[in-house]
Amino acid sequence: MEKKRLKSLLKSTALVLIGNIIYAGTVKLFLLPANLMSSGTTGISLVVNHLTDFPIPLFIALFNIAALALGLVFLGKKFVMTTVFSSLLYPAFLEVLNRILPEDLFVTDNMLLNVLFSGIGLGLALGLVIRAGASTGGMDIPVLILNRYFKLPVSVSLYVFDFCIILCQTFYHTAEDLLYGILLLLLTSIVLDKAVLLGVNKTEVKIISDKHSEIRSVILSEIDRGVTMLYGEGGYSHEEKQIVLTVVSNRELAKIEKLVRNVDPGCFMIVSTVREVWGKGFSIDKTYK
């Protein structure tokens, strides 16, 4: 048990490290050189930097520390302990990159490419951190406080804050920049959703056939996946039916379809995607009798 906990901790730590490195690298290589509008703590730091020339990494670090203090008061010590590591890594990595890379570094001067890679990088980075069970801190904390004490939906509060932060940047950006900023926000959200679910999506297969026993046996022996037998009734015939239910990885779908069709070419098969699966063979190692 201790070995599994250590392995899980190391995996989570690695994901947080990699996520924050990608986040800082994306900001340094694509977002800042292209002068893109951004949301969250980075967006606030861009506004402050424009008005006062205050260093962006230092502002992010101070803002995150202040947010952590709020989190400690309103959300408790346990939340802060899971957030502090990730909150301080991003500004630290960004400062390191600022010191080792040229200030005027441009990977590309194509605005659409900068928006595209900024959205992919930010979404992937946030997705990795969230998959590790951590939080990036910053603007996440005020949103969670509002949710706990005023029951405001997290997604709604987050979008309102992001809209206000981007709106503040419109005073020194063009209307075209605003469109790029909205595109960046949408792209980041899409990639974030995909990154959180990357590798955890599975395929659920339901098979209705008179040869359910043979199909059950071939799945157990050839696919090495668990099977659950469901009982139903034909809507027209009122005949009792047995339904074979199994969950497989996306790569195993073609194999299971071929095997089942070989047993009963006329079977009724329903295939659907499930977002996540917990249990033996997926989140827990299999045990064989």
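Placed above this text is the structure.
What counts, and at which threshold
- Residues numbered from 1 in each chain as written.
- Predicted model: local features only at pLDDT ≥ 70, side-chain atom pairs only at ≥ 80, totals over all residues.
- Heavy atoms only, no water.
- Pairing = 2+ DSSP bridges.
- Helix = DSSP H or I, 4+ residues; strand = E, 2+ residues; numbered from the N terminus.
- Axes fitted to C-alpha atoms, helices over the stretch in contact; angles between N-to-C directions.
- Contact = heavy atoms within 4.5 Å.
- Left-handed = near helix turned anticlockwise from the far one by under 90°.
- Nonpolar A, V, L, I, M, F, W, Y, C, P; charged D, E, K, R; others polar.
- Salt bridge = Lys/Arg side-chain N within 4 Å of Asp/Glu carboxyl O.
- Buried < 20%, exposed > 50% of the residue type's maximum accessible area, 1.4 Å probe, protein only.
- Expected span 1.5 Å × (residues − 1).
- Arc of directions from axis to C-beta.

What to know about the sheet that holds strand β4 (residues 268-274)
Thought 1: Reading across from one edge, β2-β3-β1-β4 is the order of the four strands in this open sheet, with antiparallel pairing throughout. Edge positions in the sheet fall to β2 (228-233) and β4, since each has one partner strand and no second. Across the sheet, the mean angle separating the axes of adjacent strands is 25° when strand polarity is ignored.
Thought 2: Two strands pair when backbone bridges link them, and β2 and strand β3 (residues 240-248) are joined in this way by six bridges, in the antiparallel orientation. Opposite M229, over in β3, you have V244 as the bridge partner.
Thought 3: Those strands touched by helix α9 (residues 212-223) are β1 (202-208), β2 and β3, and its axis lies near 15° from that of β3.

Looking at the packing of α9 against helix α10 (residues 253-263)
Thought 1: In contact at an axis separation of 10 Å, α9 and α10 are set at 145° when each is read in the N-to-C sense. Our pair here, α9 against α10, has a crossing hand that is right-handed. Residues E214, I215, V218, I219, E222 and I223 of α9 form the contact with α10, whose own contacting residues are K255, I256, L259, V260 and V263.
Thought 2: Of the residues belonging to the contact of α9 with α10, the class tally is eight nonpolar, no polar and three charged.

Some words on the pattern of salt bridges
Thought 1: In total, this model carries four salt bridges according to the counting rule given.
Thought 2: One salt bridge in this structure joins R99 and E95, with 2.9 Å as the shortest N-O distance. Linking R99 with E95, this pair stays in helix α4 (residues 77-100), spanning four residues, or about one helical turn.
Thought 3: Two residues, K241 and E239, come together in a salt bridge whose shortest N-O distance is 3.9 Å.
Thought 4: Residue classification places E239 among the partly exposed residues on the basis of a relative accessible area of 46%.

Quick look at α9
Thought 1: If you check α9, its first and last C-alpha atoms are 16 Å apart, about what twelve residues at 1.5 Å a residue would give, namely 16 Å.
Thought 2: Of the positions making up α9, those classed as buried are H212, I215, V218, I219 and I223. Burial along α9 is one-sided: seen end-on, the buried residues are contained in an arc of 125°.
Thought 3: Close packing links the buried residues of α9 with β1, β2, β3 and α10.
Thought 4: After α9 finishes, the residue D224 shows a positive phi value of roughly 60°.

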